[in-house]
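Below are the chains, spelled out letter by letter.
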Amino acid sequence: MRKVIGIGETVLDIIFKNGQPISAVPGGSSFNCLISLGRSGVDATFISEAGNDRVGKYVIDFLRQNGVNADNVSVFPDSKSPISLAFLDEKNNADYLFYKDHPHDQLEFQFPDVQRDDIVVFGSFFSVNPVVRPQVAGFLDYARDRGAILYYDVNFRSAHKNEIMKVTPNLIENLELADIVRGSSEDFAILYKMDNADKVYNAEISFYCKKFIYTQGNSPAEVRAENGFRQSYPIVEAAAVSTIGAGDNFNAGFIYGMLKYGVMRQDIDRGLTAEQWNHVMECGQLFSAECCKDIYNYVSNDFGARMKANLNQ
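Thresholds, definitions, all that
Residues numbered from 1 in each chain as written. Predicted model: local features only at pLDDT ≥ 70, side-chain atom pairs only at ≥ 80, totals over all residues. Heavy atoms only, no water. Buried < 20%, exposed > 50% of the residue type's maximum accessible area, 1.4 Å probe, protein only. Helix = DSSP H or I, 4+ residues; strand = E, 2+ residues; numbered from the N terminus. Pairing = 2+ DSSP bridges. Right-handed = clockwise from strand over helix to strand, strands pointing away. Contact = heavy atoms within 4.5 Å. Axes fitted to C-alpha atoms, helices over the stretch in contact; angles between N-to-C directions.

Colleague: Teacher, can you tell me more about the pairing of strand β9 (residues 149–153) here?
Modeller: For a regular strand, the rule is simple: side chains alternate between the two faces of the sheet. With respect to burial, β9 is a largely interior element, 5 of its 5 residues being buried. Where burial is concerned, the two faces of β9 agree: the one with I149, Y151 and D153 and the one with L150 and Y152 are both buried. Note that strand β8 (residues 119–123) and β9 share 5 bridges and pair parallel. Paired with F122 across the bridge in β9 is Y152. For the handedness criterion, the β-α-β arrangement of β8, helix α3 (residues 133–145) and β9 is classed as right-handed. Two elements, β9 and strand β10 (residues 180–184), share 3 bridges in a ladder whose sense is parallel. In the sheet register, Y152 faces β10, and the bridge partner there is V181. The parallel pair β9 and β10, bridged by helix α4 (residues 164–177), forms a crossover whose chirality is right-handed.

So, in structure tokens, the structure goes:
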């Protein structure tokens, strides 16, 4: 059975609406993706660090309760769990404040088993953070050498815009390592001051990675790939309660689609067909819409159970 391995941060997301906290849930970009995949019956492993506190224990327990292997989540004696405050506006889009002691980041883990055609998901500031970069890059190199498919979610928030110059070499290295790159219009506005899928792809992405997904909230997602492939994919309409985790769950759905429809390393190497793109993008949009129906960062258990039943059909 193919596996999905995620590497990224863990945070506790405290969600505010009209100035009042309404929920507190474990989160993190790759974390949210892995929880939804675990709920959908995928063999999933998460690599991270967690605080040596009640929140850290809660995060690790939550992974295991949702079918995600947490053996590679490190806990260090003096570490505190990071916190994210998410403020929902009238359209239920979120603005974030992050509280994390980055200088004390550390990451020690044994490489999990990675085989050809497994999928590795990585991204956000964690994947370019200079403090843990040696460990992250070492694992990505290892996974690539083993024949895994690397999926990179840029996910660069405005909170880190003053660090763009410092982390650009790591960002470029991620683009070179990745087989598929996804980013939002917001990410690329922050990084490159560009707001157009073609401009971003031609100027910043295509030299390093040929397969590019550009998501833009309520507007259609754009795909650009080798051999001139270009396509727009309308979003799945849903009444949004919260958009927190929408992109992370797009990633989960896309990866679920790769597993369900048998997209392998050889398909990545020769270029996906239009039919393959249509299948995996449909799954991405479906998971994303499902996540937005509630204030949690992942698809519901009921939706996950349906996806689990469909996975191997």
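Alright, that's what it looks like, and here's the rest.
Colleague: In this structure, what is going on with the side chain of E290? I would like to understand it.
Modeller: When you line up the elements, E290 lands in helix α9 (residues 274–291). With a relative accessible area of 12%, E290 lands in the buried category. Excluding anything up to four places from it in sequence, E290 contacts V299, S300 and F303.

Colleague: Sorry if this is basic, but what is going on with the sheet that holds strand β2 (residues 11–17) here?
Modeller: Sheets are built from strands that pair by backbone hydrogen bonding, the pairs being arranged parallel or antiparallel. With respect to topology, 4 strands assemble into an open sheet ordered β3-β2-β6-β7, the strand pairing being mixed. Each edge of the open sheet is held by one strand with a lone partner, namely β3 (20–27) and β7 (94–99). Within this sheet the neighbouring strands show an average axis-to-axis angle of 20°, counted without direction. Here strand β6 (residues 83–88) runs beside β7; their pairing, made up of 6 bridges, is antiparallel. By the bridge assignment, S84 is partnered in β7 with F98.

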